[in-house]
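If you want the building blocks of each chain, they are given just below.
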Amino acid sequence: MDDKLLYSLPVLIFGAIAILFAAWLAKDVFKRDQGTPEMQKVSNAIFQGAMAYLKRQYQTIGMLAVLAAIVMGILVALFEKDHQTTRGIITSLSFIFGAALSGLAGFIGMYVAVKSNIRTASAARRSLGEALTTALRGGAVSGFLVISLGMLGVMGVYWVVYTFAEGTHPAVAETPFWIVGFAFGASFVALFAQLGGGIYTKAADVGADLVGKVEAGIPEDDPRNPAVIADLVGDNVGDCAGRGADLFESSAAEMIGAMILGVALWEMSGGPTGADNAIAWIFFPLVTAAFGLLASLVGLLVVRPGENPKDPMAELNKGFFVVAALSAVFIFGICYWMLPYGEFEFAICGVIGIVTSIAFLYITQYYTAGSYRPVKDIAEASKTGPATNIISGLAVGFETVALPALAIAAALLSSYWLGDTVDFPHTTNALLGSGGIFGTAVATMGMLMAAAYVLAMDCFGPITDNAGGIVEMSGQPESVRDATDALDSAGNTTKALTKGYAVGSAALAAFLLFSAFLDEVRRFGFSDNPEAFQRIVNLAEPKVFVGGLIGAALVYVFASFAIRAVGKSAETMIEEVRRQFRADPGILKGTSEPDYAACVDISVKSALRQMVLPGSLVVVVPILVGVILRWEAAAGMLMIGTIAGVLLAVVLNNGGGAWDNAKKYIEAGNLYDGDKKLGKGSTAHAAAVVGDTVGDPFKDTAGPSLHVLVKLLATITLVLAPLFV
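Given the structure is predicted, the values throughout are model-derived calculations rather than measurements. (Residues numbered from 1 in each chain as written. Predicted model: local features only at pLDDT ≥ 70, side-chain atom pairs only at ≥ 80, totals over all residues. Heavy atoms only, no water.)

1. A closer look at the overall build of the chain
Right, on to step 1. In terms of regular secondary structure, the chain is built from 22 helices and 2 strands.
Right, on to step 2. Taking 2.2 N^0.38 as the reference for a compact globule, 725 residues should give roughly 27 Å; the C-alpha atoms of the chain span a radius of gyration of 25 Å, in line with that estimate.
Right, on to step 3. In terms of its C-alpha atoms, the chain occupies a principal-axis envelope of roughly 80 × 50 × 45 Å.
Right, on to step 4. Within the chain, buried positions represent 66% of all 725 residues.
Right, on to step 5. Split by element, the accessible area of the chain, about 23300 Å² in all, is 64% carbon and sulfur.
Right, on to step 6. Here the chain contributes 47 positive and 61 negative side-chain charges, whose respective centroids are spaced 6 Å apart. (Helix = DSSP H or I, 4+ residues; strand = E, 2+ residues; numbered from the N terminus. Rg over C-alpha atoms; globule rule 2.2 N^0.38 Å. Buried < 20%, exposed > 50% of the residue type's maximum accessible area, 1.4 Å probe, protein only. Areas by Shrake-Rupley, 256 points an atom, 1.4 Å probe, with all protein chains shown as cover. Lys, Arg positive; Asp, Glu negative; His and termini not counted. Charge placed at Lys NZ, Arg CZ, Asp CG, Glu CD.)

So, in structure tokens, the structure goes:
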């Protein structure tokens, strides 16, 4: 059998299995009990709000995507050296295909998640274990669809473009350079989906918390709060649809970037006249992703809690460790089956990536879970008011960058060193270090093998949050709310863990894509004399330094725009909630029903209006830097922008998560002043609510959007490399 077909088989088979498994999970969830009519009324309101927002959001993103695809195609056609028209058309079409699949994956996953919340709430009336299983399986639909569609999308566009690709290499090695538009399209949609969803959810959350909890003194998810439905809708559009698009583009961009790096190792293995299975380097990323889906499937089925598990988070962690162990076994099998050289070294690189994902799990858990020092410090600081709470939270956020930076550094250095020790028969000056760079790519692949399970854990969070809201708003017994609170607490931790995982994978993937960008520069700018190309970007050059400075500034300006967007939207939401309370005193007495639709409409309009400027900025600035200052400055912007973006994302994600769990730590009755318990209604709790409100746009809007920004910078420079040379 032809090697291309042989290596495509596991991708097709496991991709199809993953889609069928997602369909089975959806069927399993949908057949479960939907609870009381009161519960269904709340759930239906959440569903209608989520679908209405997503429809309007994707219409906006769709128009922007079509415009971007046309512009990209024209630029590529104008500045390519060979096959200009064909390359331009393929770039545009692959961009649209990547954008459409990214949107589809997010939409389907969120649809199932919104339908899962009522089933989880109903299951909580019977047992905690059943509710946990329902929520995890509902979230897993998104996880498996996102990763399988990304993997099959990359392979599909590869095989279609393979029939057209022509250039300095045979089609099998030339094609990866032609399909980078697919990754850019996925990144483009992910940025706007994550940013828009984040603005939506936090505008509602801030308004609901500040007016409802602090001013009116009513509980969270109280049906008297006009913003509560908008808040519950926002959990889904931000954490399910947004994060789904995020991990879709992560996996797609990493696979295409690694395939491009694989071309260098294909050359070093002798190219078309070398080792019989030299094309394995190009297909290796796809096969690794396929086996990662299989590992995630087994890990999910292992999670079978009893009726009342003591620690829901321990059950979820058990599945994750099964996925990690299986991934380690699979990476060895794949390397020894496929690779002509360096089987052991590259397998260890994959294990390094898996270990890095586990390290991020523990690091994030330490900084955001209520059982550890950082969250307890913030809670203690709340005793003296909002100011000390915010100071302590910021200090924790800044502290959190150290361990993730060391983990990323250790992963990159060790995987590069291992890959660089492999001897290839045809290494040239232009290809020096390619083995080391591919080693870092394999580490990234190892880390992303668990992506389907990690996304299932992430979507578990909003499902359990919504379940708690449904239980509260439908007046269920306190024992049911206790069950959903236990799941919600685990869900807060899983959402923080997934953000840490996404940041770590973004850092590794960005280095991989940066190397792929340099390969593109070598092909287009030094095609006549590839030996003259040096893989060095000199920061002592003024234009490189300026490019880096602009990249770092872009990160901070983007974060500012994102946080400010939440602030502006929240101001409108706060005024609306206050207006309703003033206009109808019966709302707080429970004799009148609030106007939920008005608050939903405010979030929708604000999110769609506010997401355009920061999103457009990220697309325009790299193009201007590359056109005016050329490829070295674009490389500097990419390097420094990546570093600044990753570190600021860690600060915002973990700092915001710590603030959130400090509030929940107090609400759980864990904070004391002498013998006096400081729970809900205390001044310490009010201070913690303010801190949590500050942290909300950090962890759910700016932070998650930043790791999408990092990868978008990489994919746009990769697509437009010919324009910058």
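2. Observations regarding the environment of Ser296
Right, on to step 1. Topologically, Ser296 is positioned in helix 8 (residues 280-302).
Right, on to step 2. Discounting chain neighbours no more than four positions away, the residues touching Ser296 are Phe144, Val323, Met449, Ala450, Ala452 and Tyr453. (Contact = heavy atoms within 4.5 Å.)

3. Remarks on empty space enclosed by the protein
Using a probe with the size of a water molecule, rolled over the atoms, empty space left in the structure can be pinpointed.
Right, on to step 1. Within the structure shown, the criterion is met by 10 cavities of 30 Å³ or more.
Right, on to step 2. Of the voids in this model, the second largest cavity is the one considered here, and its volume is about 110 Å³.
Right, on to step 3. In terms of lining residues, the second largest cavity is bounded by 14 residues, among which Ile147, Ala289, Met445, Leu448 and Met449 are the most central.
Right, on to step 4. Of all elements in the fold, only helix 7 (228-268), helix 8, helix 14 (434-448) and helix 15 (451-473) reach the threshold of two or more residues within the lining of the second largest cavity.
Right, on to step 5. Among the residues forming the lining of the second largest cavity, the class breakdown is 9 nonpolar, 4 polar and 1 charged. (1 Å grid on protein atoms, 1.4 Å probe; cavity = no way out; pocket = protein on both sides within 12 Å on 5 of 7 lines; lining within 4 Å. Points joined across faces, edges and corners; volume = space filled by probe spheres on them. Nonpolar A, V, L, I, M, F, W, Y, C, P; charged D, E, K, R; others polar.)

4. Some points on the side chain of Thr701
Right, on to step 1. Among the structural elements, Thr701 can be located in helix 21 (residues 683-719).
Right, on to step 2. Using a relative accessible area of 0% as the deciding quantity, one classes Thr701 as buried.
Right, on to step 3. Apart from residues no more than four positions distant in its own chain, Thr701 is found in contact with Leu195, Gly198, Ile199, Lys202, Ala562, Val566 and Asp696.

5. Side note on helix 8
Right, on to step 1. Over its 23 residues, helix 8 extends 32 Å from the first C-alpha to the last, a length consistent with the 33 Å expected when each residue adds 1.5 Å.
Right, on to step 2. At Leu286, helix 8 shows its maximal bend, which comes to roughly 25°.
Right, on to step 3. For helix 8, the buried fraction is high: 19 of the 23 residues fall into the buried class. (Expected span 1.5 Å × (residues − 1). Bend = angle between axes of the 7 residues up to and from the residue.)

6. Considerations on the layout of surface pockets
Right, on to step 1. Its volume calculated, the largest pocket comes out at about 770 Å³.
Right, on to step 2. Looking at the largest pocket, it is lined by 26 residues, and the ones nearest its centre are Asp485, Ser489, Lys664, Tyr665 and Ala668.
Right, on to step 3. Secondary structure elements with two or more residues in the lining of the largest pocket: helix 9 (312-338), helix 16 (478-525) and helix 20 (612-667).
Right, on to step 4. In the lining of the largest pocket, the residues fall into 9 nonpolar, 7 polar and 10 charged.

7. With respect to the nonpolar core
Right, on to step 1. Counting residues in hydrophobic clusters, the biggest one holds 257 residues, and the most contacted among them are Phe144, Phe284, Phe346, Phe517 and Leu720.
Right, on to step 2. Here this core takes 23 residues from helix 7, the largest share from any one element.
Right, on to step 3. Leaving out residues up to four positions away in the same chain, Phe517 has contacts with Trp631, Ala634, Ala635, Thr717, Leu718, Ala721 and Phe724. (Core = buried A, V, L, I, M, F, W, Y, C linked by side-chain atoms within 4.5 Å.)

8. Observations concerning the side chain of Thr60
Right, on to step 1. Along the polypeptide, Thr60 turns up in helix 2 (residues 37-79).
Right, on to step 2. Setting aside anything within four residues of it in sequence, one finds Thr60 in contact with Leu608 and Met611.

9. Quick notes on the pattern of salt bridges
Right, on to step 1. Applying the stated criterion across every chain, the model contains 20 salt bridges.
Right, on to step 2. Here Arg578 and Glu575 are joined by a salt bridge, their closest N and O atoms 3.4 Å apart. One end of the pair, Arg578, and the other, Glu575, are both in helix 17 (residues 542-583), 3 residues apart, so they sit about a helical turn from each other.
Right, on to step 3. Relative accessible area serves as the criterion here: at 44%, Glu575 is assigned to the partly exposed category.
Right, on to step 4. A salt bridge links Lys663 to Asp660; the shortest N-O distance between them is 3.8 Å. Note that Lys663 and Asp660 are positioned in helix 20 at a spacing of 3 residues, about one turn of the helix. Taken as a pair, Lys663 and Asp660 share a single burial class, namely buried.
Right, on to step 5. By sharing partners, the salt bridges in this structure join Asp28, Lys31, Arg32, Asp33, Arg125, Arg126, Glu130 and Arg137 into a single network. (Salt bridge = Lys/Arg side-chain N within 4 Å of Asp/Glu carboxyl O.)

10. Focus on unusual backbone geometry
Right, on to step 1. Positive phi, close to 75°, is recorded for Arg630, a residue that is not glycine.
Right, on to step 2. Mapped onto the elements of the fold, Arg630 is located in helix 20.

11. Here we look at the packing of aromatic side chains
Right, on to step 1. As enumerated under the stated definition, the model contains 21 aromatic pairs in all.
Right, on to step 2. Summarising the aromatic geometry, the rings of Tyr158 and Tyr162 are spaced 6.2 Å apart at their centres and angled 25° between planes, so their arrangement reads as stacked. Here the residue Tyr158 and the residue Tyr162 both occupy positions in helix 4 (residues 128-162), the gap between them amounting to 4 residues, near one helical turn.
Right, on to step 3. When its relative accessible area of 23% is taken as the criterion, Tyr162 is described as partly exposed.
Right, on to step 4. In this structure an aromatic cluster arises from ring pairing among Tyr7, Tyr158, Trp159, Tyr162, Phe283 and Trp337. (Phe/Tyr/Trp six-rings, centres within 6.5 Å; stacked < 30°, edge-to-face > 60°.)

12. What about the packing of helix 11 (residues 373-381) against helix 12 (residues 386-399)?
Right, on to step 1. Helix 12 packs onto helix 11 with a crossing angle of 165° between their chain directions and a minimal axis gap of 7 Å. The angle between helix 11 and helix 12 places the two elements in the roughly antiparallel class. The interaxial crossing formed by helix 11 with helix 12 has right-handed handedness. Here Arg373, Pro374, Asp377, Ile378 and Ala381 of helix 11 come into contact with helix 12, specifically with Thr388, Asn389, Ser392, Gly393, Val396 and Glu399.
Right, on to step 2. For the contact of helix 11 with helix 12, the class distribution of residues is 4 nonpolar, 4 polar and 3 charged. (Axes fitted to C-alpha atoms, helices over the stretch in contact; angles between N-to-C directions. Parallel < 35°, antiparallel > 145°, perpendicular 65-115°, else oblique. Left-handed = near helix turned anticlockwise from the far one by under 90°.)

13. Remarks on the state of the cysteines
Working definition: the covalent bond between the sulfur atoms of two cysteines is a disulfide.
Right, on to step 1. Per the counting criterion, the structure on display carries 0 disulfides.
Right, on to step 2. The cysteine Cys349 is free of any disulfide, with Cys335 supplying the nearest cysteine sulfur at 8.4 Å.
Right, on to step 3. On the basis of relative accessible area, Cys349 is assigned to the buried category, the value being 0%. (Disulfide = S-S within 2.5 Å.)

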